[in-house]
Amino acid sequence: MVFHLNFQEARALLGRLEYQRGNVEGALRVFEGIDLQAAIQRLQPFAAEKQTSRKSRSRTESPHVVSQHAASLVLEAIYLKAKSLQKLGRLSEAANECKSVLDAVERIFHQGIPDVQVDNKLQETVSHAVELLPELWKQAGCYPEAMLSYRRALLSQWNLDNDCCARIQKAFAVFLLYSGVEAGPPSLAVQVDGSYVPKNNLEEAILLLLILMRKFSLGIVQWDPSVMEHLTFALSLCSQTSVLAKQVEEIMPGVYHRIDRWNTLALCYSGAGQNRVALNLLRKSLHKHERPDDLTALLLAAKICSDDSLLAAEGVGYAQRAITTASKGVEEHLKGVGLRVQGLCLGKQAKISSSDFERSHLQSEALKSLEAALVLEPNNTDLIFELGVQYAEHRNLDAALRFAKLFVDATGGSLLKGWRLLALVLSAQQRFSEAEVVTDAALDETAKWEQGPLLRLKAKLRISQSLPLDAIDTYKYLLALVQAQRKSFGPVRSISQAEDDKDNEFEVWHGLANLYSGLSHWKDAEICLAKARESKAYSAEALQTEGIMHEKRGQIHEALSAYINALLLEPCYVPCKILISGLLLKMGPAALPVARGLLADALRIEPTNRLAWYYLGLVHKDDGRMADATDCFQAASMLEESDPVESFSSAV
């Protein structure tokens, strides 16, 4: 078959030759004289007849084939013109020329490009133009136009091949994640009833990346590791690491080494709060036949163990291996991290130690590890905070105050926990008015919905200053804040948000119940306690308050029953062990051994509990052991002078 070229088609071929030779300016001069509208008109007859059945096709179709071939030459020329303008830095012009190619194709194919009857060269030109247009708008700094071009590329029917479509989806996801331009939801015209519509950039990017991951799983396109990296970033931003874990699990075997998969899954599950699952994966990864010296896995395992006293000894082992590995390798800069988690694990291990000597030794080693870590990482604010907490728990209040102030200065007062620790240390030094000033300063720096812990602390500071009515006002304000926060989120709250709201409301009602009980306002106390139980039906704290109310009204058996029920709920709940011991003291010498055992157990769990030391002194006194009683009373007196209004660990 012989094709006769007209003037514009000849210019298109000549321009292509000039472009292929690298003569961009010459090619551009040739392309300038091409009329795109003529190409559209030549292709439209073909488009109008494209729905005819394939059986009726014969050689009589050749004029349309000629028309299609000729018009595709012109469309390719306009595309190459856009590429030429791009190379010359005329980006807005290039984008407009590229857009004109797609506009022309949409005018020709009103229902989208069919998967048959289209010249391969025409399809190739269209695919290149669809992929190029958003890149040109981005390079020109026209980000809203780039956003629209990406959506047009993915929502219109261009008959793109799988690889081209995947590249566009990935590029759009990257643009949504890192451009800093808020896209907004797609227009209503392209939304399908009942379909999921992303609300923001992050959701849309995650949706695109999940589609790509599905394509990888089905073998539609080849694996691209960068997609997983972008998805990891996106899901981490919205704390959805459990979703990320599911995606990692669905990746075909062989893509990742099994140990790398275990470590990645462990990190995901740890971020989702499933520490036991994460630790089991790390135990497999760190087995002697796998990678026992993987520094990152060792540090993560030690960090997970540092959150649980029962796992602390295992965590010390991981931390020591990490320190050894870091000291002899190229990752010596991570030695400080190893020392830090070792210190945290030793501190946790000390809390469940059965002997005073071992506890004292472990506490000393914990401080040494944290101080050694601070030498290597002097600007690590988390480490500064942890040292402050450790010193506070050991009642070294001057050192604790120094580190608390240092943390607040280092973070610019932007973190709530720093203010709380500073106020607690001041309260332990019996400087209540200064602690309240710090709390007020923290409230000024804190968003309204995050003020709950500070307001509870302020109420307790006012109680310590014998200002119960002021404390009631603070609790009432806090209650209004908690209820307003719950209503502001409405029915769309997540499960964790709903649980947090219940905990916050329980804390307020329970605090009011304790306060009214202390004032002997029994009716108000009972109402508040009932409200607290609506938020949390089974609570050792609520049972403790109920028992105190019974005890103050002389109802000893009811009080004892409430305290015992609290211990059945939480066997390690120290306040009720102490309160039961106080009741047993009143029952005569026969009950003293039981009281002594309960108090010894309470001091094993909380060695700095002043009430436990005081009641143990009373037990020794009634038992005739005056020297032991004197030591216990002295310890209780010293601890009372450094007792905070809340436990120091509550600041963590």
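Residues numbered from 1 in each chain as written. Predicted model: local features only at pLDDT ≥ 70, side-chain atom pairs only at ≥ 80, totals over all residues. Heavy atoms only, no water.

Let's shift gears to the overall build of the chain. The secondary structure content of the chain amounts to 31 helices and zero strands. Split into buried and exposed, the 652 residues of the chain put 46% on the buried side. Across the chain, every contact between residues at least 6 apart in sequence was considered, and the portion connecting residues at least 24 apart equals 60%. About 32,300 Å² of surface is accessible on the chain, with carbon and sulfur atoms providing 54% of the total. (Helix = DSSP H or I, 4+ residues; strand = E, 2+ residues; numbered from the N terminus. Buried < 20%, exposed > 50% of the residue type's maximum accessible area, 1.4 Å probe, protein only. Contact = heavy atoms within 4.5 Å. Areas by Shrake-Rupley, 256 points an atom, 1.4 Å probe, with all protein chains shown as cover.)

Once that is clear, we can look at the side chain of T439. Structurally, T439 is set in helix 21 (residues 432-445). Looking at T439, its side chain comes within polar contact range of the main-chain oxygen of A435, at 2.8 Å. Apart from residues lying up to four places away in sequence, T439 is in contact with A423, L454, L457, K458 and L461. (Polar contact = N/O pair within 3.5 Å; in protein donor to acceptor, adjacent residues only side chain to side chain.)

The next subject is unusual backbone geometry. Of note, N159 is a non-glycine position whose phi angle comes to about 60°, a positive value. Mapped onto the fold, N159 is located in the loop between helix 7 (143-155) and helix 8 (162-178). The exposure class assigned to N159 is partly exposed, which follows from its relative accessible area of 25%. Of note, the phi angle at Q430 is positive, near 65°, even though the residue is not glycine. With respect to the helices, strands and loops of the structure, Q430 is situated in the loop between helix 20 (416-428) and helix 21. Here Q430 falls in the partly exposed class, since its relative accessible area comes to 36%.

A word on the confidence of the model for the chain. Per-residue pLDDT for the chain has a mean of 88; in total, 89% of the residues score no lower than 70. Across residues 53-63, where pLDDT falls below 50, the model places four contacts with residues more than four positions away in sequence or in other chains. (pLDDT = per-residue confidence, 0-100.)

Angle between the axes and distance between the axes are the two parameters that describe a pair of packed helices. Viewed as axis vectors pointing N to C, helix 16 (residues 335-351) and helix 18 (residues 381-393) meet at an angle of 25°, and their least axial separation amounts to 11 Å. Between helix 16 and helix 18, the interaxial angle falls into the category roughly parallel. In this structure, helix 16 meets helix 18 at a crossing whose hand is left-handed. In contact with R340, L344, G347 and K351 of helix 16, helix 18 contributes D382, L383, E386, Q390 and E393. Per-class residue counts for the contact of helix 16 with helix 18 are two nonpolar, two polar and five charged. (Axes fitted to C-alpha atoms, helices over the stretch in contact; angles between N-to-C directions. Parallel < 35°, antiparallel > 145°, perpendicular 65-115°, else oblique. Left-handed = near helix turned anticlockwise from the far one by under 90°. Nonpolar A, V, L, I, M, F, W, Y, C, P; charged D, E, K, R; others polar.)

Another aspect to go through is the pattern of salt bridges. As enumerated under the stated definition, the model contains 41 salt bridges in all. Here K460 and E646 are joined by a salt bridge, their closest N and O atoms 3.1 Å apart. Here K460, found in helix 22 (residues 452-464), pairs with E646, found in the segment after helix 31 (626-640); they are 186 residues apart in sequence, far enough to count as distant. Accessibility expressed as a relative area gives 26% for K460, which makes it partly exposed. For E646, a relative accessible area of 11% translates into the label buried. In this structure, a network of salt bridges that share partners links the residues K99, D103, E106 and R152. (Salt bridge = Lys/Arg side-chain N within 4 Å of Asp/Glu carboxyl O.)

Interaxial distance between helix 29 (residues 592-605) and helix 30 (residues 610-622) falls to 10 Å at its minimum, and their mutual angle equals 150°. As judged from the angle between their axes, helix 29 and helix 30 are roughly antiparallel. Crossing hand, helix 29 versus helix 30: left-handed. Contacts from L592, A595, R596, L599, A602 and L603 in helix 29 reach A612, W613, Y615, L616, V619, H620 and D622 in helix 30.

Here L421 shows up in helix 20. Since its relative accessible area comes to 1%, L421 is described here as buried. For the pair L421 and K405, spaced 16 residues apart in sequence, the C-alpha separation works out to 9.1 Å. Those residues within four positions of L421 in sequence are excluded, and the remaining contacts are F385, G388, V389, A404, F648 and A651.

In this section: the nonpolar core. Ranked by internal contacts, the top residues of the largest apolar core, which has 97 residues, are V130 and Y318. When sequence neighbours within four positions are dropped, the list of residues in contact with V130 reads L102, A153, W158, L160 and I168. Counting residues in each nonpolar core, the second largest holds 61 residues, with A399, L421, A428 and V508 among its members. (Core = buried A, V, L, I, M, F, W, Y, C linked by side-chain atoms within 4.5 Å.)

Glancing now at the packing of aromatic side chains. The full count for this structure, using the stated rule, is 10 aromatic pairs. Here the aromatic rings of W223 and Y256 are separated by 6.0 Å at their centres, their planes lie at 85°, and the arrangement is edge-to-face. On the criterion of sequence distance, the pair formed by W223 in the loop between helix 9 (201-218) and helix 10 (225-237) and Y256 in the loop between helix 11 (241-250) and helix 12 (258-271) is long-range, its members being 33 residues apart. Classification of W223 by relative accessible area gives partly exposed; the value is 29%. Using a relative accessible area of 27% as the deciding quantity, one classes Y256 as partly exposed. Taking 5.2 Å as the distance between ring centres and 50° as the angle between the ring planes, the aromatic pair formed by F385 and F407 counts as tilted. Here F385 is found in helix 18, whereas its partner F407 is found in helix 19 (residues 397-410), with 22 residues between them in sequence. (Phe/Tyr/Trp six-rings, centres within 6.5 Å; stacked < 30°, edge-to-face > 60°.)

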